[in-house]
Amino acid sequence: MRLFTLVILLSLCLSCAEEAQYSKITGNTMGTTYSVIVKPGDASPQEIYQDIEDELKDINQLMSTYIPDSEINRFNKLQDGSCYRFSSKTWEVLLAARNIYEETRGAFDITLGPLISRWGFNAEEYEEKVPSPEEVSQLMTEVGTDKLTYDIHNQCIQKEHPGITINLSAIAKGYGVDRVANIVEQHGVEDYLVEIGGETKTKGKNPSGSVWRVAVEKPVSISQQKMLVVGLKDSSIATSGDYRNYFEIDGQRFSHTIDPNTGYPVTHNLTSVSVIHPQNMYADAYATALTVMGAEAALSFAKTHQLAVFLISQDGSELSTQQTKEFQQVTLDN
């Protein structure tokens, strides 16, 4: 599960949007909502809307774990050890997921489904919320992108263990943002904002003629409060946080973020990670991986890879922040 914590600053009153001839397209997808703001020019907003709907429907049919006959679920149900051939779209996401898994030394892992379910974040069928160490150890035998054999030539994947499953929820929305942005550009649009569940990509100028403004939200569970504002120009941003998705047993807090290397929820105090990247698919996945790492390792990784990253840590009621120089360059005055 992912919680997206971006607030788009659409301080673009309807009158100024109309004056600048911008159109807003909205809908539902991937268990959340999407919003697209475009300056369509000669393109028809209705045509853009229909193409967006068709694209998102296709991505859902390929990558959703909630659609029984989706491509991902067909792979997940496979028991015969054969190499399953994927469509080009899903394959693109799977290759990116493997690259980030290797780059982050396992902090990003698309095979965590059994652990996420057992810890109670996707299912409610377990009477004992906290699994035993023996149960975690057993589940770990079914987890690990390194247990998937990628056949690049045949565009297929073979499981090492029949119980291994794939869940692309921490990268698919970002991929959807990139695909929708491509569709918008194919219609000749040069000024736009695309957002799915908080994942955001922009190009050009907003209706007021300035850079698109996006706010990173404070990690508080009861309301939306902006932490800082960034100017997003021809780039994208994703945020991962766990402060609204956790449970407590006997006074102990269990985060929804599972560390793939241990099988247990993370225990550090890094509570929100924002990543700016040209491709939202990568911003999406990096945000998850850095959340797993914790503040010190996440900042080190971001500096090494020259990523624009903003971290929020929480110690009781106190918040502290860290950011790379690449992120600092896009921060605006509130």
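Position labels on residues start from 1 in each chain and follow its written sequence. Totals for whole chains, interfaces and linings use all residues, but because this is a predicted model, local features are given only for residues with pLDDT of at least 70 and pairs of side-chain atoms are given and counted only at 80 or more. Side-chain descriptors were evaluated using all non-hydrogen atoms of the structure, hydrogens and water having been removed beforehand.

**Student:** Before we go on, may I ask you to explain helix α2 (residues 45–63) in this structure?
**Tutor:** Since the α-helix advances by 3.6 residues per turn, residues separated by three or four positions end up pointing in the same direction. Between its terminal C-alpha atoms α2 stretches 27 Å, which fits the 27 Å expected from 19 residues at 1.5 Å a residue. Buried means the residue's accessible area, taken with a 1.4 Å probe over protein chains only, is under 20% of the maximum for its type, while exposed means over 50%, and partly exposed covers the values in between. Every helix listed is a DSSP run of H or I at least four residues long, and every strand listed is a run of E at least two residues long, numbered separately from the N terminus. Every buried residue of α2 is accounted for by Ile-48, Ile-52, Glu-55, Leu-56, Ile-59, Asn-60, Leu-62 and Met-63. One side of α2 carries all its buried residues, which in axial view fall inside an arc of 165°. Multiplying one less than the number of residues by 1.5 Å gives the expected span of a helix. It is the directions from the helix axis to the C-beta atoms that the arc portrays.

**Student:** Even after reading the chapter, I still don't get helix α7 (residues 172–186), so can you show me in this structure?
**Tutor:** Compared with the 21 Å implied by 1.5 Å per residue over 15 residues, the 21 Å span of α7 between its first and last C-alpha is a close match. Most of α7 is tucked away, with 11 of its 15 residues classed as buried. The complete set of buried residues in α7 reads Ala-172, Lys-173, Gly-174, Tyr-175, Gly-176, Val-177, Asp-178, Val-180, Ala-181, Ile-183 and Val-184. The contact rule is simple, with two residues in contact once any of their heavy atoms fall within 4.5 Å. Looking at the buried residues of α7, the elements they touch are β3 (32–38), α2, α4 (88–103), β7 (192–196), β8 (199–203) and α8 (280–293).

**Student:** Can you help me understand the UniProt feature "binding site: Mg(2+)" (unreviewed entry) in the protein chain in this one?
**Tutor:** According to UniProt, the "binding site: Mg(2+)" (unreviewed entry) feature falls on Ala-170, Asp-284 and Thr-288. For the residues just named, distributed over 119 residues, the greatest C-alpha separation is only 6.8 Å, placing them together at one site. Looking at where Ala-170 falls in the secondary structure, it is placed in the loop between β6 (156–159) and α7. On the basis of relative accessibility, which here comes to 13%, the residue Ala-170 falls in the buried class. Looking at where Thr-288 falls in the secondary structure, it is placed in helix α8. Residue Thr-288 is classed as buried on the basis of its relative accessible area of 14%. UniProt positions are given in the numbering used here, feature names are shortened, and annotations may be inferred rather than shown by experiment.

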